[in-house]
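# A look at the structure
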Amino acid sequence: TQSTWDYKYQKRIKKMYAFLLLLLFLGTFTQGAVKITLHPRPKSLGASGMILRNRNLVEYFGRMQIGLPAQSFDVIFDTSLDWTWLPNNYCQDCHYCPKYYPYQSNTYKDLNKKIVFKYSTGELEGYIKGDLSLDGVTIDKRTIPNQHFLGVVDEAQLFNEYRSSGFVGMSKKNDPDNPSFMMNLRKLNLIESNVFAIKLSSVANDEGSEISFGEYNQDVIGSNAIIWEKSQTNDRWMVNIQSVSYTHLRAHETEADLVCRLLLDKK
């Protein structure tokens, strides 16, 4: 059970990032932090971004279709995850979410490979077991004909803790044997730039959040400049930080000769 302090801390952090526009690139990064102003084509909400809903400011999820005929799922776009996961209809422990029925899809392909993951997120630890598979995936009117994903057949707590139907990995890891959704969008020229952007709402259980692929919403940014920060690893959206503050209080500050790294993790 999460303590009262943890809950309040999490809520403060969520509010702090309420209107954060997270810009993450899959290409070459410039050295150091560079502040520049871009002039993209103005886009309005809904035109440049797919609407996301949230549950208690903890989960932010959008709609994904998979297979033919299409099966629809509400999925979390997780910036720290490499894989796309969906609960398979054989998963007996996935009680609270819709399940993917592979053999109801005319385009499903079983790659005959079993995958096991161990994970740890906050106080939640467990494992995921599933079948590596291929099927057509559509998100925000963009379709990947053969998207790698994991059809989960056994798991511990994850899909029961979160009320979404699955996860779409948005990390920048470039694995040719398991290309991410973003990698495939770029490979198939379905996006103009190697970028995605996320806006998070501060209102619980509303539809004021959005995710954009290949662009960002200028209406959200307004006249503010964008600060580009170099990612410090090849597979995670991790940046260097010197201090952390919330509600005008400085919670942590590194010594002058030390550098801390912050993982930009959106679930």
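Residues numbered from 1 in each chain as written. Predicted model: local features only at pLDDT ≥ 70, side-chain atom pairs only at ≥ 80, totals over all residues. Heavy atoms only, no water.

### Let's talk about the overall build of the protein
- Across its full length, the protein carries four helices and 17 strands.
- For the protein, with 267 residues in total, the buried portion stands at 46%.
- Put simply, 66% of the contacts in the protein that link residues at least 6 apart link residues at least 24 apart. (Helix = DSSP H or I, 4+ residues; strand = E, 2+ residues; numbered from the N terminus. Buried < 20%, exposed > 50% of the residue type's maximum accessible area, 1.4 Å probe, protein only. Contact = heavy atoms within 4.5 Å.)

### Some details on the pairing of strand β3 (residues 50–55)
- Of the two faces of β3, only the one carrying Met50, Leu52 and Asn54 is buried; Ile51, Arg53 and Arg55 on the other face are not.
- The sheet contact formed by β3 and strand β12 (residues 209–213) spans three bridges and is antiparallel. Within β12, the residue paired with methionine 50 across the bridge is isoleucine 211.
- Where β3 lies against strand β4 (residues 59–66), three bridges are found, and the strand directions are antiparallel. Bridge assignment links arginine 53 to a residue of β4, and that residue is phenylalanine 61.
- Linkage of β3 to β4, two consecutive antiparallel strands, is achieved through a turn of three residues, within which asparagine 56 is found at a positive phi near 55°. (Pairing = 2+ DSSP bridges.)

### Points about the pattern of salt bridges
- Under the defined criterion, the tally for this structure stands at five salt bridges.
- In this structure, arginine 55 engages glutamate 59 in a salt bridge whose closest nitrogen and oxygen atoms are separated by 2.6 Å.
- Accessibility expressed as a relative area gives 1% for glutamate 59, which makes it buried.
- Between aspartate 131 and lysine 114 there is a salt bridge, and its shortest N-O distance comes to 2.5 Å. Here the residue aspartate 131 occupies a position in strand β8 (residues 124–139), and lysine 114 occupies one in strand β7 (residues 109–121), the gap between them amounting to 17 residues.
- Aspartate 131 gets classed as buried once you look at its relative accessible area, which sits at 10%. (Salt bridge = Lys/Arg side-chain N within 4 Å of Asp/Glu carboxyl O.)

### Digging into the packing of aromatic side chains
- Counted under the stated rule, the structure contains nine aromatic pairs.
- Centre to centre, the rings of tryptophan 85 and phenylalanine 167 are 5.9 Å apart; their planes meet at 70°, and the pair counts as edge-to-face. On the criterion of sequence distance, the pair formed by tryptophan 85 in strand β6 (residues 85–87) and phenylalanine 167 in strand β10 (residues 166–169) is long-range, its members being 82 residues apart. Phenylalanine 167 matches tryptophan 85 in its accessibility class, with the two residues each being buried.
- In textbook terms, an aromatic cluster arises when at least three aromatic residues are bridged by ring pairs, as seen for Trp83, Trp85, Phe117 and Phe167. (Phe/Tyr/Trp six-rings, centres within 6.5 Å; stacked < 30°, edge-to-face > 60°.)

### Notes on unusual backbone geometry
- With an omega of -5°, the peptide bond between leucine 68 and proline 69 qualifies as cis.
- Its place among the elements puts proline 69 in the loop between β4 and β5 (71–78).
- Positive phi, normally seen in glycine, also occurs at asparagine 56, with a value near 55°.
- Inspection of the secondary structure assignment puts asparagine 56 in the loop between β3 and β4.
- We note that asparagine 205 has phi near 65°; this positive angle belongs to a residue other than glycine.

### Let's talk about the environment of asparagine 146
- Note on placement: asparagine 146 falls in strand β9 (residues 142–155).
- According to the relative accessible area criterion, asparagine 146 is partly exposed, its value standing at 36%.
- A sequence separation of 79 residues divides asparagine 146 from glycine 67, and the C-alpha atoms of the two residues are 9.7 Å apart.
- Excluding residues that lie within four positions of it along the chain, asparagine 146 makes contacts with Lys109, Leu134, Asp135 and Asn184.

### Considering the side chain of threonine 138
- Within the secondary structure, threonine 138 sits in strand β8.
- Residue classification places threonine 138 among the buried positions, given a relative accessible area of 19%.
- Within polar-contact distance, the side chain of threonine 138 engages the side chain of threonine 143 at 2.7 Å.
- Beyond its immediate chain neighbours, meaning those up to four positions away, threonine 138 contacts Met64, Gln65 and Thr143. (Polar contact = N/O pair within 3.5 Å; in protein donor to acceptor, adjacent residues only side chain to side chain.)

### With respect to the side chain of serine 201
- Mapping serine 201 onto the fold places it in the loop between β11 (195–199) and β12.
- Classification of serine 201 by relative accessible area gives buried; the value is 6%.
- A polar atom in the side chain of serine 201 sits 3.0 Å from the side chain of aspartate 206.

### A few points about the nonpolar core
- Ranked by internal contacts, the top residues of the largest apolar core, which has 31 residues, are Phe77, Ile139 and Phe213.
- Apart from the residues within four sequence positions on either side, isoleucine 139 is in contact with Met50, Arg63, Met64, Phe77, Val168, Phe181 and Phe213.
- Cys94, Ile115, Leu150 and Phe167 belong to the second largest nonpolar core, which has 15 residues in total. (Core = buried A, V, L, I, M, F, W, Y, C linked by side-chain atoms within 4.5 Å.)

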